[in-house]
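Letter by letter, the chains look like this.
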Amino acid sequence: MPMDKRTYQLTRMWGGLAAIETAAEPTYDDWVVCSDAVNLMETLIKLGHVEDTSGLLHDAVSALANAGMRSIAGGAIRMSGAGIQAVRAILEDYAVVLETLSHRTMIHCHRITEKRIQEILAGDAGPNDINIAKDAK
């Protein structure tokens, strides 16, 4: 992936995590950019391009789902310390992936992930899919 696109994407994702950690009122967009990174990594793992060597993907998904549900219930978008660590680890792995996989592979990953998210939002979620996005705004 070209450096300017990597920098833009990672800057937004790290900024989203920082806001969830420390901002007075983290936003839905902060949550979305972190969720995007986790969803993209999940796709890359399912496609066999990378492995979840840390074993933290499920923990990151759960942490973001809980933060989204907390927002729906009227609370702030926040994660536990363990949740923040899990999401941070996935973002670190994602940064490495962006440097090592081809641009074509990443575009393919984005397309598959977007299609999966659209299916989830349309009510065609798989047994392990969590649909928080449509309600968290």
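What counts, and where the lines are drawn
- Residues numbered from 1 in each chain as written.
- Predicted model: local features only at pLDDT ≥ 70, side-chain atom pairs only at ≥ 80, totals over all residues.
- Heavy atoms only, no water.
- Helix = DSSP H or I, 4+ residues; strand = E, 2+ residues; numbered from the N terminus.
- Buried < 20%, exposed > 50% of the residue type's maximum accessible area, 1.4 Å probe, protein only.
- Contact = heavy atoms within 4.5 Å.
- Areas by Shrake-Rupley, 256 points an atom, 1.4 Å probe, with all protein chains shown as cover.
- Lys, Arg positive; Asp, Glu negative; His and termini not counted.
- Charge placed at Lys NZ, Arg CZ, Asp CG, Glu CD.
- Axes fitted to C-alpha atoms, helices over the stretch in contact; angles between N-to-C directions.
- Parallel < 35°, antiparallel > 145°, perpendicular 65-115°, else oblique.
- Nonpolar A, V, L, I, M, F, W, Y, C, P; charged D, E, K, R; others polar.
- Core = buried A, V, L, I, M, F, W, Y, C linked by side-chain atoms within 4.5 Å.
- Disulfide = S-S within 2.5 Å.
- Salt bridge = Lys/Arg side-chain N within 4 Å of Asp/Glu carboxyl O.

*Asks:* Describe the overall build of the protein chain, naming the residues involved and giving the relevant values.
*Replies:* Scanning the protein chain from N- to C-terminus turns up five helices and zero strands. Dimensions along the principal axes, computed over C-alpha positions, put the protein chain at roughly 40 × 35 × 25 Å. The proportion of buried residues among the 137 residues of the protein chain is 40%. Excluding contacts between residues fewer than 6 apart, the proportion of contacts in the protein chain whose partners are at least 24 apart in sequence is 69%. Surface exposure of the protein chain reaches about 7600 Å², of which carbon and sulfur atoms provide 52%. If the 13 positive side-chain charges of the protein chain are averaged to one point and the 18 negative ones to another, these points end up 5 Å apart.

*Asks:* Please give an account of the packing of helix α2 (residues 28-46) against helix α5 (residues 103-121) that cites residues and values.
*Replies:* Where α2 contacts α5, the axes come no closer than 9 Å and their chain directions differ by 110 degrees. The pairing of α2 with α5 is recorded here as roughly perpendicular in orientation. Residues Asn 39, Leu 40, Glu 42, Thr 43, Leu 44 and Lys 46 of α2 lie in contact with α5, whose contacting residues are Thr 105, Met 106, Cys 109, His 110, Ile 112, Thr 113, Arg 116 and Ile 117. In terms of residue class, the contact of α2 with α5 is built from six nonpolar, five polar and three charged.

*Asks:* Can you explain the side chain of Thr 43? Please cite residues and give values.
*Replies:* Relative to the elements of secondary structure, Thr 43 occurs in helix α2. Note on Thr 43: relative accessible area 4%, which makes it buried.

*Asks:* How would you explain the nonpolar core if you had to name every residue and give the values?
*Replies:* Membership of the largest hydrophobic core comes to 33 residues, with the highest contact counts inside it found for Leu 44, Met 79, Val 87, Tyr 94 and Met 106. At the level of elements, α1 (3-22), α2, α3 (57-72), α4 (81-100) and α5 are the ones that each hand at least two residues to this core. Discounting chain neighbours no more than four positions away, the residues touching Met 106 are Met 1, Leu 44, Tyr 94, Val 97, Leu 98 and Leu 101.

*Asks:* How would you explain the state of the cysteines if you had to name every residue and give the values?
*Replies:* One pass over the full model with this rule turns up zero disulfides. Among the cysteines around Cys 34, which has no disulfide bond, Cys 109 carries the closest sulfur, lying 16 Å off.

*Asks:* Requested: an account of the pattern of salt bridges, with residues and values cited.
*Replies:* When the charged atoms of two side chains with opposite charge come close together, those side chains can pair. With the rule as written, the count across this model stands at three salt bridges. With a closest N to O distance of 3.8 Å, Glu 42 and Lys 46 form a salt bridge. Of this pair, Glu 42 and Lys 46 are both found in helix α2, four residues apart, which corresponds to roughly one turn of the helix. Classification of Glu 42 as buried rests on a relative accessible area of 14%. Relative accessible area serves as the criterion here: at 56%, Lys 46 is assigned to the exposed category. Arg 116 is paired through a salt bridge with Glu 42; the nearest N and O atoms lie 3.0 Å apart. Here Arg 116, found in helix α5, pairs with Glu 42, found in helix α2; they are 74 residues apart in sequence, far enough to count as distant. Note on accessibility: Arg 116 and Glu 42 belong to one class, buried. Via salt bridges that share partners, Glu 42, Lys 46 and Arg 116 belong to a single interconnected network.

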